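# Examining the three-dimensional arrangement
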Amino acid sequence: MSIDPRVALSSLTTALEEHLIAASNRRGDGDPSVEAAFFAVADAFEVYEDALYEAYNEVTPLQVFDDEDEEDEETDVDEDEDLEIVDE
């Protein structure tokens, strides 16, 4: 069963608004309400992206990064630091 992209967009907009509220009321680093709102935005975005693709074969120019993506980037940076240019 597919979700109407308009409904998914409405949920994404609501999640973004709730994230703004949580961020503006932050009670320090690692505030669980900000973290929960962060993940709610990511989840709502993925639902919207799937609904948009399913209905119109279209995507957004946005991407959600997960912890694995960050670890891969850190590994890539470390590998670049180990490279050495050798003049022949």
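Preceding block: the structure.
Notes on the structure in this doc start here. (Residues numbered from 1 in each chain as written. Predicted model: local features only at pLDDT ≥ 70, side-chain atom pairs only at ≥ 80, totals over all residues. Heavy atoms only, no water.)

### Some details on unusual backbone geometry
For Asn57, which is not a glycine, the phi torsion comes out positive at approximately 55°. Its relative accessible area of 54% is what places Asn57 among the exposed residues. (Buried < 20%, exposed > 50% of the residue type's maximum accessible area, 1.4 Å probe, protein only.)

### Points about the nonpolar core
Membership of the largest hydrophobic core is limited to nine residues, which are Ala8, Leu12, Ala15, Val41, Ala44, Phe45, Tyr48, Ala51 and Leu52. Secondary structure elements with two or more residues in this core: helix 1 (5-24) and helix 2 (32-56). Here this core gets six residues from one element, more than from any other, and that element is helix 2. Excluding residues within four positions of it along the chain, Tyr48 makes contact with Pro5, Ala8, Leu9, Leu12 and Thr60. (Core = buried A, V, L, I, M, F, W, Y, C linked by side-chain atoms within 4.5 Å. Helix = DSSP H or I, 4+ residues; strand = E, 2+ residues; numbered from the N terminus. Contact = heavy atoms within 4.5 Å.)

### Focus on a nonpolar patch on the surface
Judged by side-chain polarity, Ile3, Val7 and Val47 come together as a nonpolar surface patch covering roughly 230 Å² of accessible area. By secondary structure assignment, the location of Ile3 is in the segment before helix 1. Overall, the relative accessible area of 43% leaves Ile3 in the partly exposed class. (Patch = residues over 30% accessible without salt bridge, like charges linked within 9 Å, V, L, I, M, F, W, Y side chains within 5 Å. Areas by Shrake-Rupley, 256 points an atom, 1.4 Å probe, with all protein chains shown as cover. Salt bridge = Lys/Arg side-chain N within 4 Å of Asp/Glu carboxyl O.)

### Side note on a negative patch on the surface
A cluster of like negative charges, contributed by Asp43, Glu46, Asp50, Glu54, Asp66 and Asp67, occupies part of the molecular surface. Ranked by residues supplied to the negative patch, first place goes to helix 2 with four residues. Relative to the assigned elements, Asp50 resides in helix 2. (Lys, Arg positive; Asp, Glu negative; His and termini not counted. Charge placed at Lys NZ, Arg CZ, Asp CG, Glu CD.)

### Focus on the layout of surface pockets
Here the idea is plain: a probe the size of a water molecule rolls over the atoms and shows the empty space left. The space that makes up the largest pocket amounts to roughly 180 Å³. What lines the largest pocket is a set of 10 residues, and nearest its centre among them are Phe38, Phe39, Val64, Phe65 and Asp66. For the lining of the largest pocket, the elements supplying multiple residues, two or more each, are helix 2 and helix 3 (67-81). Take the lining of the largest pocket: its biggest share by element is five residues, from helix 2. A per-class count over the lining of the largest pocket returns five nonpolar, no polar and five charged. (1 Å grid on protein atoms, 1.4 Å probe; cavity = no way out; pocket = protein on both sides within 12 Å on 5 of 7 lines; lining within 4 Å. Points joined across faces, edges and corners; volume = space filled by probe spheres on them. Nonpolar A, V, L, I, M, F, W, Y, C, P; charged D, E, K, R; others polar.)

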